[in-house]
Amino acid sequence: MSIKALKGFKDILPDEVGIWQFIERKARDIFRRYGFEEIKVPILEKTELFVRTIGEDTDIVEKEMYTFVDRNGSSITMRPEGTAPVIRSYIENGLFVRGSVQRLYTIGPMFRHERPQKGRLRQFHQMSVEVLGSNSAKIDSEVMAMAWHILQEIGLQASLELNSLGCTECRPSFKEALLGFLQERLPDLCDDCQRRSSSNPLRVLDCKSEHCQAQYASAPSIIEHLCGPCSLHFEEVKQTLTQAGVPYALNPKMVRGLDYYTRTTFELLTTELGAQGAIGAGGRYDGLVRQLGGPEVTGIGFAMGMERLVMLLGQKGGLESVPGPDLFLITLGERAYEKGFVLQQDLRAAGMYVMMDHEGRSMKNQLKQADKHRARFVLLLGEEELEKGEAALKDMRSGEQEICALAPAFKNWAPVILAKISERTKE
Ligand code: HAM
């Protein structure tokens, strides 16, 4: 029996890779425009890192982590998200010494043992960004504007929902109000919410059960419980978002699925992916660095789900595929094949994307291969052409063919062909 991939783990095949590369290219360019630098962090971390940051009462930690004991008996976890590893690295490597504000991004796979469905995988990819070391509300707006900018440049639309979760000062009064509200409805709530209402009441607002969500429609609003400084911060975020030209809608029920958030939280939503509408989400986490043993440094960030972006672009059509080779070298006869083999290396050294056939196929078949690979040009090198010191160059787009006189010295063939192709592609 053939071995299949794990459930919820998906191959990204060559035909889809063009769209992944397109998104990554655009995003990396925008990250640079906003002053972000790339950081690469490991996929495996100590389990404790995620338990302490994401929170013990969250779905991720309770039900979704790929956690196992390694050969040394240590509990390790395949990262379910990128923020905790980046902060761990920031503290461990003393990145705060490089400058007071660090703008970092990372792109890579994350792992959550969720029930797979459209737009929800067990291995998925995130583009995740973090700004460490700034309290300014303008940073919050800038980060959201950058997420907005990425979507615009890749041609997608989403709605931005915004909330503030307050801080350690104002959250207790909200918790109390929420607790009172929950107590009255306790028997009507799901088991998770009943349990969490005493251990971590805010968490219940993130419950996936429709029945629970219907009850929470009239729950108290955190925005009404914000303390003075949090309220001021939130006002400035809203104002500067508008200045940055980013439309948003307030959603006081949004608590996010991770415990580390404080103040600003946001989600980028689409209605075009069924139940999995969040294409990106993030927020501020002002106590997290300190909590992990680092300096008193605040932070904000977000992550976008690559698969969801890819699906949305796929649904729109007009997918960008990876371009085919510049040139497919067709050779006929032993001598031409030997020359062609060296010539393809010379052309590659000169920067061209070149392919040729090594299976001794007929000319018709080699042409078919060139077509299948979407080669831009074909160079035909036969025994006869070799004798005459020439080769036929075919433009696969226009179908035009011309005879190129090759230079007397073999080492000059590649530059002659390169010049011919550049001239033709300029036309
Ligand atoms: P998150 O909301 O858990 O936040 O995930 C961010 C995005 O990752 C989601 O909006 C979604 O697009 C994508 N995503 C999450 N789970 C899956 C899945 N199972 N399959 C496919 N896509 C998925 C975080 O992870 C935070 N670390 C974001 C952040 C960065 N906050 C501050 N900095």
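The text that follows walks through the structure, step by step, so that each part is easy to find. Note that the coordinates shown come from a computational prediction; the quantities given were computed from them, not determined experimentally.

Thresholds, definitions, all that
- Throughout, a residue's number is its position along its own chain's written sequence, starting from 1.
- Side-chain atom pairs in this predicted model are given and counted only at pLDDT of 80 or more, local residue features only at pLDDT of at least 70, and totals for whole chains, interfaces and linings cover all residues.
- The basis for the side-chain values is all heavy atoms of the structure; hydrogens and waters are excluded.
- One heavy atom suffices: a residue is near a molecule or strand as soon as one of its heavy atoms comes within 4 Å of it.
- Counted as a polar contact is a pair of N or O atoms within 3.5 Å, where, for protein atoms, one must be capable of donating a hydrogen and the other of accepting one, and residues adjacent in sequence contribute only when both atoms are in side chains.
- Residue burial considers only the protein chains on display, and all accessible areas are found by Shrake-Rupley using a 1.4 Å probe.
- Elements are defined by DSSP. Helices are runs of H or I of four residues or more, strands are runs of E of two residues or more, and each kind is numbered from the N terminus.
- To qualify as a nonpolar core, a set must consist of buried Ala, Val, Leu, Ile, Met, Phe, Trp, Tyr and Cys residues joined through side-chain atoms within 4.5 Å.
- Residue burial is assigned from relative accessible area. The probe radius is 1.4 Å, only protein chains are included, and a residue is buried under 20% of its type maximum, exposed over 50%, and partly exposed in between.
- Note on definitions: a residue-residue contact is assigned when non-hydrogen atoms from the two residues lie within 4.5 Å.
- A fitted line through C-alpha atoms serves as each axis, taken over the contacting stretch for helices, and the angle formed by two N-to-C directions is quoted from 0 to 180°.
- Any angle from 65 to 115 degrees is called roughly perpendicular, while one under 35 is roughly parallel, one over 145 is roughly antiparallel, and all others are oblique.
- A clockwise turn of the near helix away from the far one marks a right-handed crossing, whereas an anticlockwise turn of less than a right angle marks a left-handed crossing.
- Here the nonpolar group is Ala, Val, Leu, Ile, Met, Phe, Trp, Tyr, Cys and Pro; Asp, Glu, Lys and Arg are the charged ones; every other residue, Gly included, is treated as polar.
- A pair of strands is treated as paired once DSSP finds two or more bridges between them.
- Working definition: a ring pair exists when centres of Phe, Tyr or Trp rings (six-membered ring for Trp) sit within 6.5 Å. Plane angles under 30 degrees give stacked, over 60 give edge-to-face, the rest tilted.
- Geometrically, a lysine NZ or arginine CZ counts as sitting over a ring once it is within 6 Å of the ring centre and also within 35 degrees of the ring normal.
- One less than the number of residues in a helix, times 1.5 Å, gives the span that helix is expected to have.
- Here the arc refers to the set of directions running from the helix axis out to each C-beta atom.

Around the ligand there are 27 residues in total, and Glu81, Glu114, Glu130, Arg256 and Tyr261 lie nearest to it. In the model, an oxygen atom of the ligand is placed 3.0 Å from a nitrogen or oxygen of the Gln126 side chain. About the coverage of the ligand: the protein hides 96% of its 660 Å² of free accessible area. If you list the elements that add at least two residues to the shell around the ligand, you get β6 (123-132), β10 (278-284) and β11 (299-305). If you tally residues by element for the shell around the ligand, the top one is β10, at six residues.

This part covers the nonpolar core. Ranked by size, the top nonpolar core spans 90 residues in total, and within it Met127 and Tyr216 carry the most contacts. Among the elements that line this core, the one with the most residues is helix α5 (residues 137-154), at eleven residues. Excluding residues within four positions of it along the chain, Met127 makes contact with Ile23, Ala27, Phe31, Thr106, Ile107, Ile150, Phe302, Ala303, Met304, Met306 and Leu309. By size, the runner-up hydrophobic cluster in this structure holds 21 residues, among which are Val354, Met356, Leu393 and Ile417.

In this section: the packing of helix α1 (residues 14-33) against α5. Where α1 meets α5, the axes come as close as 10 Å, and the angle between the chain directions of the two elements is 140°. Relative to α5, α1 is oriented oblique. At the point where α1 passes α5, the crossing takes the right-handed sense. Contacts from Phe22, Ile23, Lys26, Ala27, Ile30, Phe31 and Arg33 of α1 reach α5 at Met146, His149, Ile150, Glu153 and Ile154. Of the residues assigned to the contact of α1 with α5, the class counts are eight nonpolar, one polar and three charged.

Right, let's talk about the side chain of Thr265 for a bit. Position of Thr265 relative to the elements: it lies in strand β9 (residues 262-269). Excluding its chain neighbours within four sequence positions, the residues that come into contact with Thr265 are Glu161, Leu162, Asn163, Ser164, Leu165, Met254, Arg256, Gly282 and Gly283.

Moving on: the sheet that holds strand β15 (residues 390-395). Taken together, the five strands give an open sheet; going across it, the order is β13-β12-β14-β15-β16, and neighbouring strands pair in mixed fashion. Looking at which strands have only one partner, the edges of the open sheet turn out to be β13 (354-356) and β16 (401-405). Adjacent strand axes in the sheet meet at a mean angle of 25° when their direction is disregarded. Across five bridges, the pairing between β15 and β16 is antiparallel. In the strand pairing of β16, Lys394 is matched with Gln401. Strands β12 (327-331), β13 and β14 (377-381) of the sheet are contacted by helix α12 (residues 334-349), whose axis makes an angle of about 160° with β13. Packing of helix α15 (residues 413-426) onto the sheet brings it into contact with β12, β14, β15 and β16, and relative to β14 it is tilted by some 145°.

For the rest of this paragraph, the subject is the pairing of β9. Among the eight residues of β9, eight are classified as buried, and the element is accordingly described as predominantly covered. Two strands pair when backbone bridges link them, and strand β7 (residues 159-164) and β9 are joined in this way by six bridges, in the antiparallel orientation. Looking across to β9, one finds that Asn163 is bridged to Thr265. Note that β9 and β10 share six bridges and pair antiparallel. Counted as the bridge partner of Thr265 is Gly283 from β10.

Let's shift gears to the packing of aromatic side chains. Under the defined criterion, the tally for this structure stands at nine aromatic pairs. With 5.9 Å between their ring centres and 85° between their planes, Phe9 and Tyr66 make a pair best called edge-to-face. Of this pair, Phe9 sits in the segment before α1 while Tyr66 sits in strand β3 (residues 66-69); the two residues are 57 residues apart in sequence, bridging distant segments of the chain. Judged by centre distance (5.8 Å) and plane angle (75°), the ring pair of Tyr260 and Tyr285 falls under edge-to-face. Here Tyr260, found in the loop between β8 (249-250) and β9, pairs with Tyr285, found in the loop between β10 and α10 (288-291); they are 25 residues apart in sequence, far enough to count as distant. Side by side, Tyr260 and Tyr285 carry an identical accessibility label, which is buried. An aromatic cluster is defined as three or more aromatic residues linked by ring pairs; in this entry it consists of Phe9, Tyr66 and Phe111. Note that Lys339 overlies the ring of Trp413, its terminal NZ or CZ placed 5.9 Å from the centroid.

In a regular helix each residue adds 1.5 Å, so 16 residues correspond to 22 Å; helix α9 (residues 228-243) covers 23 Å between its end C-alpha atoms and thus fits that length. Residues of α9 that are buried sit in contact with α5, β7, β8, β9 and β10. Immediately downstream of α9, the backbone of Gly245 shows phi near 75°, a positive value.

It is worth spelling out the sheet that holds β7 at this point. Strand pairing in a sheet is mediated by backbone hydrogen bonds. Such pairs are either parallel or antiparallel. Ordered by their spatial adjacency, eight strands build an open sheet running β1-β5-β6-β11-β10-β9-β7-β8, and the pairing between neighbours is mixed. Each having just a single partner strand, β1 (37-38) and β8 make up the two edges of the open sheet. Of the pairings in the sheet, the one linking β7 to β8 comprises two bridges and is parallel in character. Its bridge partner being in β8, Leu162 is matched across the sheet by Leu250. Against the sheet, α9 makes contact with β7, β8, β9 and β10, and its axis sits at roughly 165° relative to β7, the strand it touches most.

Quick look at α12 now. For α12, built from 16 residues, the straight-helix expectation of 22 Å at 1.5 Å per residue is met to within 8% by its first-to-last C-alpha distance of 23 Å. Within the span of α12, buried status applies to Ala336, Gly340, Leu343, Gln344 and Leu347. The arc enclosing the buried residues of α12, seen along the axis, measures out at 110°, which places them on a common side. Exposed side of α12, more than 90 degrees from the buried face: Glu334 and Ala349 are the residues found there. On its buried face, α12 is in contact with β12, β13, β14, α14 (383-388) and α15.

So yeah, pure geometry; function would need other evidence.
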